[in-house]
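The primary structure of each chain is shown beneath.
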Amino acid sequence: MAVGLQVVGLLLGIVSWCLQSSCTSSQVWKTRSQLESVSSSQWLFEGLWMSCAATSLGSIQCSKFKTVLGLPVHLQACRALMILSLLVGLASIIVSVIGLKCTKIGRTSERVKHQIALSGGILFILSGVFTLIAASWYTARVIHEFYDPLHIGARYELGTGLYLGWAASCLAILGGSMLCCSYKKTPPSPTGQFSYKFTKTSHGPSIYRAAPVSDGGSSKAYV
């Protein structure tokens, strides 16, 4: 049961990381509303890194944002959050693979592997939270500008990149939760300690016999 949860959680985490990559590189985080477009044969859309214009003939022209410090605060924050989610997601994949019960790396005990898998699940959840914050923040900004009567400029609607971000965050959180649920706290293995008792013999010196604490230990006698 634990192995199945770990494998499914890892697969969901890998899929979520791929969706996060697509979301970060997507140029369709918001599209210009068709309600105020003069011509229906041209579409404008923007992402985290550039803005593009497409025509009905199939031509697409994109231009990168020429400045970084001059960008809105929410756009810079979303960039940082998405990059951070990708890095954390990649680290969580590596950690989770090491922590799987079906993988053998060195002489790692089962207790340590459970703890490694738990760490991978927590990292997956953290990566999903970063993506969810970025997509939700950007969405709130687009909706606020769309309904703001004092907003000067083009009005945009939600793009497909935001939906990719929400899907990626849900899969990452779900996969991380499954990895965390597979964690089973096991008691530490016995360290081989012995208890000693004093006995007297009628034919010789006193003997101290060591009785093992666990069943796996062997009894030893010291004269």
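One can find the structure itself at the top, above this paragraph.
Computed from a predicted model, the values in this text were never measured in an experiment.

A. Broad picture of the state of the cysteines. All told, the structure shown has 1 disulfide when counted by the stated rule. Across a sulfur-sulfur distance of 2.0 Å, C52 and C62 are joined as a disulfide pair. Sign of the S-S torsion, about 110° for the bond between C52 and C62, identifies this disulfide as right-handed. Placement of C52 in strand β3 (residues 50-55) and of C62 in strand β4 (residues 60-64) is noted, with a sequence separation of 10 residues between them. Overall, the relative accessible area of 5% leaves C52 in the buried class. The exposure class assigned to C62 is partly exposed, which follows from its relative accessible area of 42%. C78 supplies the cysteine sulfur nearest to C23, a cysteine that is in no disulfide, at a spacing of 9.3 Å. On the basis of relative accessibility, which here comes to 0%, the residue C23 falls in the buried class.

B. Inspection of the pairing of strand β2 (residues 42-46) at higher detail. Of the pairings in the sheet, the one linking strand β1 (residues 30-32) to β2 comprises 2 bridges and is antiparallel in character. Pairing of K30 across the sheet is with E46, part of β2.

C. Geometry of the sheet that holds strand β5 (residues 156-158). Ordered by their spatial adjacency, 5 strands build an open sheet running β4-β3-β2-β1-β5, and the pairing between neighbours is antiparallel. Each of the sheet's edge strands pairs with one partner strand only, and the pair in question is β4 and β5. The mean angle between the axes of side-by-side strands here comes to 25°, regardless of whether they run parallel or antiparallel. Contacts from helix α3 (residues 110-147) reach β1 and β5, with the element oriented near 140° to β5.

D. Looking closely at the pattern of salt bridges. All chains considered together, the criterion is met by 2 salt bridges. With its nearest N and O atoms 3.6 Å apart, the salt bridge here joins E46 to K30. Placement of E46 in strand β2 and of K30 in strand β1 is noted, with a sequence separation of 16 residues between them. We classify K30 as buried; its relative accessible area is 12%. R141 serves as the salt-bridge partner of E145, at 3.3 Å between the closest nitrogen and oxygen. Taken together, the residues span about one helical turn, with E145 and R141 both in helix α3 at a distance of 4 residues.

Calculation rules
- Residues numbered from 1 in each chain as written.
- Predicted model: local features only at pLDDT ≥ 70, side-chain atom pairs only at ≥ 80, totals over all residues.
- Heavy atoms only, no water.
- Disulfide = S-S within 2.5 Å.
- Helix = DSSP H or I, 4+ residues; strand = E, 2+ residues; numbered from the N terminus.
- Buried < 20%, exposed > 50% of the residue type's maximum accessible area, 1.4 Å probe, protein only.
- Pairing = 2+ DSSP bridges.
- Axes fitted to C-alpha atoms, helices over the stretch in contact; angles between N-to-C directions.
- Contact = heavy atoms within 4.5 Å.
- Salt bridge = Lys/Arg side-chain N within 4 Å of Asp/Glu carboxyl O.

Read these as geometric descriptors, not functional statements.
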